[in-house]
Every structure is written in structure tokens, then in C-alpha cells.
Amino acid sequence: MAKIIVAGGAGFIGSHLCDFLITKGEDVVAIDNLVTGNKNNIAHLMDNKKFSFIEQDISKEFSVAFEVKQIYNLASPASPVDYQEKPLETLDAGSLGVRNLLAIAKEKNASLLFASTSEVYGNPLEHPQKETYWGNVNPVGPRSCYDEAKRFGEAYCVSFRKMNNSNVKIARIFNTYGPRMRGNDGRVVPNFINQALAGESITVYGKGDQTRSFCYVDDMVTGLYSLMNSPEKGPVNIGNPVETTILELAQKIISLTKSKSKISFKGLPVDDPERRLPDISLAREKLAWVPKISLENGLKKTIDFFK
Ligand code: UDP
């Protein structure tokens, strides 16, 4: 049986996608260089005959000796703290890594889904963000290693698709949270939950009036799966269309954890996007997909994980 490759399969979203594909009866191969991924995320799958793991950096050329029907490319550092610590690896993943996986897709006649990001919209001047918006990205700022890598990845995917008439898809992933996020990855949800559970002050950057829209990981996985298995090629926004300020998020987490933590305001990072909200009309219409899990329920599950 032809297999499904999940690049970044030991990562946060990738490992949940592996779980989901296994429940669908698929043969799954996770590929990961474990730079930000972790074998613990897939430890429970290691004895499963339908699952295997290859430790491999996608930005180095490689080949696989089995038949492949689909490739999900989720391999990249994704937290601002991680990608700013590893900017060159991040640029390599979005360029050489994308190219290497597309070459495997072509050789194996497989479909490929590239996980792009809402960061292609930068600090958006259009709100909410539709797929037709070109974005407002600083090409030399601290986030450029990630934003431009993903923009390059998208450009490579559409050019490759045109030149090879191949089945290449692009998802633009908005902020996603849930169990298996690394506690110290620096993103807002693990930071706030860990701070609240430890009774430490909650570090809100800036005034906390910047917004994000948080999608629970199970919803994200079904969104990616729906795109892969539909005729739609994208780019398609996959995210939760409920906008929350960071201050509201902090208050919600304090209340759900019944924490005594106080909020402390810190400096806003350079180029931190002010507002972010996906327009998901395209996903709704073409994939019949909408997120189902509310922020409150998703946070409860994530808090249980971090406990
Ligand atoms: N943020 C914060 N406190 C933290 C971590 C993040 O206020 O301890 C803010 C950050 O400045 C940004 C938002 O939360 O406005 C989301 O940050 P994250 O790093 O999770 O992802 P981003 O959406 O910026 O890629």
C-alpha cells in the first residue's frame, strides 16, 4: 500500500496529523530532524505496524524506497522564539526542504500539501485576511526568516505545479494550539498556561490589545486533511475565525486555571502583527470545513496536558 509522508511528523501539528491518519487506516511515515520536534510526540505510535519514523533533515537531499501517495510538508520551526534562534535552518526548510519534498512527490507521483502560514500576511493592512491579500511583510526584520521562507515556499509550490502539472496544495495555517506544544517554545498559549499553573506573572507583551485567532489542533488536522483530499489547491486559510486580544487570552487562562497570577506588561517584540483573523469563506465553501472546538474547550484540554 502506498504510504503517506508527514514531514515534521514528530512536531506539534505533525504528530497529531500522524495520529489522525493512522485512525483512518493509512500507512504513515513521519520524517523529522528533531530540531523542534520530539520523539515523545510519536512514542505511542512506534510499535504500530502502520507507522514508521525516519530521522532526516528535509533540507538535505534524500530519497525513499517505498511508494508514496501523499506528502504533508509541516517541517519547519514555527514559534517566533524558535525560528529567530534558528533563522538559517528555517530558511533552508522553506526553500531547500520544499524543493526536496516536491522532487520526491514528482518521482512518486504523489500529491503534496505545503503548510504555509498566516505570517505571509505579515502585519496585515487588510482585515480579516483573505487568501487574495498579498501581505505586508518586512523582508529584513526579525520575522523575515520565517515569513519569507514560507512565501518562497508558496512561490516554489505554484511554479512547480505549473511546470509539472502536479497536485500541489497550499494551506495557510493560523495560530494553532493544543497538547504537545513544547512548554518552552515561547508561544503565547504555552507561556501563559505554564505561568498561570506556576502562579508566576503572566507576561503580556505590549498593551495586550494585539489580536490573534486560535485554532485547536484537532480542527487544524481535519482542515489539512480536507484540503489534501479535495480538488481544491489553495492557498486556503485554515484557522479559527474568532478573534481574541492577547489580554483577553491571559484573563481567560487565569480564570480557567483558577490561578492567582497577576498580569505583567513587557515590551512588544519588533514587527509583532497587530491583528490577525482568517477569512475562512474559501475553506467553508470548497472543503465544507469549519472549526468545531471553542477556545474555552480547547484551552481546557491544553491546560490538562500542561498539568
Ligand atoms: N505574546 C505575549 N506574551 C508571551 C508570548 C507571546 O504577549 O509570553 C504575544 C506576542 O507578542 C503576540 C501574540 O502573543 O502578539 C502571539 O504570539 P506567538 O509567539 O504565540 O505567535 P505569533 O502569532 O506572534 O506568531
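Right, let's walk through the structure included here. Since we're looking at a predicted model, the values are computed, not measured.

Comments concerning the site of the ligand
Surveying the vicinity of the ligand reveals 18 residues, the closest of which are Thr203, Tyr205, Arg212, Asp272 and Arg276. The side chain of Asn191 places a nitrogen or oxygen atom 2.8 Å from an oxygen atom of the ligand. Measuring from an oxygen atom of the ligand, one finds a backbone N or O atom of Tyr205 at 2.8 Å. Where the shell around the ligand is concerned, the elements lending two or more residues are helix 5 (188-198) and strand 8 (202-205).

Concerning unusual backbone geometry
Generally, phi is negative for residues other than glycine and the peptide bonds are trans, each holding for most cases. Omega for the peptide link from His127 to Pro128 comes to -10°, which places this bond in the cis form. Mapping Pro128 onto the fold places it in the loop between strand 5 (111-117) and helix 4 (144-164). Looking along the chain, the bond that leaves Gly234 and enters Pro235 is cis, with omega of 10°. Its location among the elements puts Pro235 in the loop between helix 6 (217-228) and strand 11 (236-238). Positioned with a positive phi, Asp271 is a non-glycine residue whose angle comes to about 65°. Mapped onto the elements, Asp271 comes out in the loop between strand 13 (263-266) and helix 8 (281-287). If you check the backbone angles, Ala288 has positive phi at about 50° while not being a glycine. In this fold, Ala288 is placed in the loop between helix 8 and helix 9 (295-306). Assessed through its relative accessible area of 70%, Ala288 is described here as exposed.

So, the sheet that holds strand 11
Pairing is parallel across the open sheet formed by seven strands, whose spatial order is 3-2-1-4-5-6-11. If you trace the sheet from one side to the other, it starts and ends with strand 3 (51-55) and strand 11, each paired once. For this sheet the average axis-to-axis angle between neighbouring strands, irrespective of direction, equals 20°. Across the sheet, helix 6 is in contact with strand 4 (68-73), strand 5, strand 6 (168-173) and strand 11; its angle to strand 6 comes to roughly 160°.

What about helix 4?
The first and last C-alpha atoms of helix 4 sit 29 Å apart over 21 residues, in line with the 30 Å expected at 1.5 Å per residue. The set of residues buried in helix 4 consists of Ser144, Cys145, Tyr146, Asp147, Ala149, Lys150, Gly153, Glu154, Cys157, Phe160 and Arg161. Those residues of helix 4 that are buried are in contact with helix 2 (80-85), helix 3 (87-108), strand 5 and strand 6. Two residues or fewer after helix 4 comes Asn165, characterised by a positive phi angle close to 50°.

What to know about the packing of aromatic side chains
What the rule picks out here adds up to nine aromatic pairs. Aromatic pair Tyr83 and Tyr146: ring centres 4.4 Å apart, planes at 5°, arrangement stacked. With Tyr83 in helix 2 and Tyr146 in helix 4, this pair connects stretches of sequence that are 63 residues apart. Ring centres 5.1 Å apart and planes at 80° place the aromatic pair Phe305 and Phe306 in the edge-to-face group. You can call Phe305 partly exposed: its relative accessible area is 39%.

Observations regarding the environment of Glu61
By the element assignment, Glu61 lies in the loop between strand 3 and strand 4. Linking Glu61 and Asn100, residues 39 residues apart in sequence, is a C-alpha distance of 5.9 Å. With residues near it in sequence (within four places) discarded, Glu61 still touches Gln56 and Asn100.

What about the pattern of salt bridges?
Taken as a whole and judged by the stated rule, the model has 15 salt bridges. With its nearest N and O atoms 2.4 Å apart, the salt bridge here joins Glu119 to Arg276. Of the two residues, Glu119 is situated in the loop between strand 5 and helix 4 and Arg276 in the loop between strand 13 and helix 8; the sequence distance between them amounts to 157 residues. Note on Arg276: relative accessible area 5%, which makes it buried. Note that Arg212 and Asp272 form a salt bridge whose closest N and O atoms lie 3.1 Å from each other. Separated by 60 residues along the polypeptide, Arg212 in strand 9 (residues 211-213) and Asp272 in the loop between strand 13 and helix 8 bring together distant segments of the chain. No difference in accessibility class separates Arg212 from Asp272, as the two residues are buried. Here the salt bridges share partners, and the residues they tie into one network are Glu119, Arg143, Arg212, Asp272 and Arg276.

Criteria and cut-off values
- Counting starts from 1 at the beginning of each chain's written sequence and moves along it residue by residue.
- For this predicted model, a pLDDT threshold of at least 70 governs which residues receive local features, and a threshold of 80 or more governs which side-chain atom pairs are given and counted, while totals over whole chains, interfaces and linings are taken from all residues.
- With hydrogens and water excluded, all non-hydrogen atoms of the structure serve as input to the side-chain values.
- We call a residue near a molecule or strand as soon as one heavy atom of that residue lies within 4 Å of the molecule or strand.
- N or O atoms closer than or at 3.5 Å make up a polar contact, with two conditions inside protein: a donor-capable atom paired with an acceptor-capable one, and, for residues adjacent in sequence, both atoms drawn from side chains.
- Put simply, DSSP marks the helices as runs of H or I at least four residues long and the strands as runs of E at least two long, and each gets a number from the N terminus on.
- Summary of the burial criterion: residues with accessible area below 20% of their type's maximum are buried, those above 50% are exposed, and those between are partly exposed, where the area comes from a 1.4 Å probe applied to protein chains only.
- One requirement defines pairing of two strands: DSSP has to find at least two bridges between them.
- The angle between two axes is taken between their N-to-C directions and runs from 0 to 180 degrees, where each axis is a line fitted to C-alpha atoms and a helix contributes only its stretch in contact.
- Contact definition: two residues touch when any of their heavy atoms are within 4.5 Å.
- A helix is expected to reach a length of 1.5 Å times the quantity of its residues less one.
- Aromatic pairs are defined between Phe, Tyr and Trp rings, using the six-membered ring for Trp, whenever the two ring centres lie within 6.5 Å; interplanar angles under 30 degrees are classed as stacked, those over 60 as edge-to-face, and all others as tilted.
- One side-chain nitrogen of Lys or Arg within 4 Å of one carboxyl oxygen of Asp or Glu is enough to make a salt bridge.

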